[in-house]
Amino acid sequence: MKKKLLFNFKQSLSRKRNFGIAAFAAFILMTGQSTFAQKWNVIAGESEIAAVNTCYTSIAVVGDVPYVAYVQATYGAGATGPGIVKMKNPSTGLWEQVGSNLSSLAGFTKLYKDKVGDLYVTYIDRNSSYKLAVKKLVGGAWVPLSAGNDFVSTAAGTATYAASDARGDLAFDKDNIPYIAYSERVSTTSGNAYVKRFVNNAWETVGGAPISSDVFAAGNGIAFDSDNIPYAVYINQAVSNSGTGAIKAFRFVSNSWEDISPVSPVAPGTSVSGATTGVRHASIAIDDTNSPVITYYNATSGASKATSIRLADKITKEWAWLGDISTRDTNRNMLIGDGSGNLYTIFQDALIGNGTSATVRVFKKASGASTFAELQNLPITSESLVGIDAAGPNSTTAATKSVVTATIALGSDITKPYIVYSKTNSSGFVTPIVRLFDPTIVLGVKDAVLEANGIVVYTQDQSLKIQSDTLMLSEVKVYDLSGRLVAERKNIGANETSVSLKSSNGVYLLKVTTADGGEVTKKIVQ
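Keep in mind that what you see is a predicted model, and the values were worked out from it rather than measured. (Residues numbered from 1 in each chain as written. Predicted model: local features only at pLDDT ≥ 70, side-chain atom pairs only at ≥ 80, totals over all residues. Heavy atoms only, no water.)

Colleague: I'd love a proper account of the environment of Ser-283, names of residues and values included.
Modeller: Examined against the element boundaries, Ser-283 turns out to sit in strand S20 (residues 279-286). Assessed through its relative accessible area of 11%, Ser-283 is described here as buried. Sequence separation between Ser-283 and Asn-220 is 63 residues; the distance between their C-alpha atoms is 7.7 Å. The residues touching Ser-283, leaving out its near neighbours within four places in the chain, are Val-293, Ile-294, Thr-295, Asn-333, Met-334 and Leu-335. One polar contact links the side chain of Ser-283 to the main-chain amide nitrogen of Leu-335, over a distance of 2.9 Å. (Helix = DSSP H or I, 4+ residues; strand = E, 2+ residues; numbered from the N terminus. Buried < 20%, exposed > 50% of the residue type's maximum accessible area, 1.4 Å probe, protein only. Contact = heavy atoms within 4.5 Å. Polar contact = N/O pair within 3.5 Å; in protein donor to acceptor, adjacent residues only side chain to side chain.)

Colleague: Tell me about the nonpolar core, and name the residues and values.
Modeller: Residues Val-152, Ile-180 and Trp-203 are the most contacted members of the largest nonpolar core, which totals 20 residues. For this core, the elements supplying multiple residues, two or more each, are strand S4 (55-62), strand S8 (106-113), strand S9 (119-125), strand S10 (131-138), strand S12 (169-172), strand S13 (178-186) and strand S14 (190-199). Apart from the residues within four sequence positions on either side, Ile-180 is in contact with Thr-122, Leu-132, Val-134, Val-152, Asp-169, Leu-170, Tyr-194, Val-195, Lys-196 and Trp-203. (Core = buried A, V, L, I, M, F, W, Y, C linked by side-chain atoms within 4.5 Å.)

Colleague: Outline the packing of aromatic side chains, listing residues and values.
Modeller: Counted under the stated rule, the structure contains ten aromatic pairs. Note on Tyr-120 and Phe-172: the rings are 5.0 Å apart at their centroids and 55° apart in plane angle, and the pair reads as tilted. With a gap of 52 residues between them, Tyr-120 in strand S9 and Phe-172 in strand S12 connect regions that are remote in the sequence. Note on accessibility: Tyr-120 and Phe-172 belong to one class, buried. Cluster of aromatic residues (ring-pair linked, three or more members): Tyr-56, Tyr-75 and Phe-108. (Phe/Tyr/Trp six-rings, centres within 6.5 Å; stacked < 30°, edge-to-face > 60°.)

Colleague: Let's hear about the side chain of Arg-185: which residues, and what values?
Modeller: Here Arg-185 is to be found in strand S13. We note that Arg-185 is buried and unpaired, the nearest opposite charge coming from Glu-184 at a distance of 9.4 Å. Within the structure, the side chain of Arg-185 is placed 2.4 Å from the side chain of Gln-237, a separation counted as a polar contact. A distance of 3.4 Å separates the side chain of Arg-185 from the backbone oxygen of Ser-240, its partner in a polar contact. (Lys, Arg positive; Asp, Glu negative; His and termini not counted. Salt bridge = Lys/Arg side-chain N within 4 Å of Asp/Glu carboxyl O.)

Colleague: How would you summarise the sheet that holds strand S30 (residues 430-438) if you had to cite specific residues and measurements?
Modeller: On the basis of which strands lie adjacent, the open sheet formed by four strands has the order S3-S30-S29-S28 and antiparallel pairing. Each edge of the sheet is formed by a strand with only one pairing partner; in this case those strands are strand S3 (39-44) and strand S28 (403-409). Here the strands of the sheet are splayed against their neighbours by 30° on average, with no regard to which way each runs. Of the strand pairs in this sheet, S3 and S30 are connected by five bridges, and their pairing is antiparallel. Within the sheet, the bridge partner assigned to Ala-44 lies in S30 and is Val-434. (Pairing = 2+ DSSP bridges. Axes fitted to C-alpha atoms, helices over the stretch in contact; angles between N-to-C directions.)

Colleague: A description of the pairing of strand S22 (residues 305-313) should follow, citing residues and the corresponding values.
Modeller: Taken together, the six bridges between strand S21 (residues 292-298) and S22 define a ladder with antiparallel strand orientation. Bridged to Val-293 within S22 is Arg-310. Counting the residues in the hairpin turn of S21 and S22 gives six residues, including Gly-302, whose phi is positive at 95°. With six bridges connecting them, S22 and strand S23 (residues 318-324) associate as antiparallel partners. Residue pairing for S23: Leu-311 is matched across the bridge by Trp-319.

Coordinates in, geometry out; function isn't part of it.
Structure follows, in structure tokens:
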């Protein structure tokens, strides 16, 4: 499979000139022409899934068929309403309801796909004292895993409070056994963190007790590494309605939960940027080194950004700060892995202090990379001029639209994530929108002309392919933006060649020298 690359370039089929690579880089960046590579295509428009107010949208994809769960209600803290799941019929292209309503008063709906493609849904049921329900899609109907009992929680009021939107998280071990992380809320008096698994037709508490003695846990998450070790994360609140808390992380080994929580701050972050106290919205996934990565909103004064950390040493339990991800305040942070070491995170970014733009953004940490890079929608159509979509311009003025509850999932092609969120439509209702990421290149007019008579660049497997219809190639060099040579091929003597580009995704400078001494220079965004 081959894929053309985005390249903004100044083409100069001229004789060789002597100039330093730093000057070369600056020249390319200043004179490059814009072309488009990444695109988030709409596959469900503003009223295709629902025509009334919705919130708590969640997405899962079986093969190439997307399913969306949502609550039919106006968004607000703890909003409840009819819980509905729909799928896009691959034959008709229409969105059709799957099974009956989950509940007449559901909240915090979340969809999951297990290792064999079966679907699960979790939600809070207000009709049953806000207990946490888990159901599986069987024969077109949503049925409880435990016959006659929809709920995994036993206490009333499982819905957590201000620290996080997440009310639980489901994951599957190597044997496809479902595990769920959540907190047992008893009004405002307690809320211990639990992990349960479904075995022998019943929910069993992993470890036989709460994960820890922490009284108020929120924003629970869970993920399995390749050794089948579950890792759990939550926010430890000081009191039941705390707006923030400290990150707590655990792993289950030797039949007990081991505390591996990060210190605050996490180096090399500062006391502000690396803080792990005063945070919200924690989410966890496993990276290419088989280590857990946690993303969260760092609400520490002076930070106010989505942040990521990684367990750098499993023996010493030392964590490493990977850096900030967002521009400003975020919510509905969600992190997932593709099973091949690539991580994706989605959130809504305020962009500026007291910003009201609520901009949907997705970032990817590619296998082998140390940081997250944005998967943009090019050309940018977002009203905030950032990200994929937004509630309005980048401003502190009250927005007239809403964008809420963005989530992400992967289908059969793990390079093309799906996302769903709800946004105010042309009729004033906040309805679901589904998008599919397409990394395929769309060339600009100028590039198409030059491509026909010049140099074509694309990726194939792990290589960068360079071809020319009419020119004999002599030498190819690839530099990163610091001027470091990362790949080269000399004495080519043909009109096509390839170089291995094993470095992480990013921006590179390609310099091609032809046999007659001409040069072609391109900026490549991989």
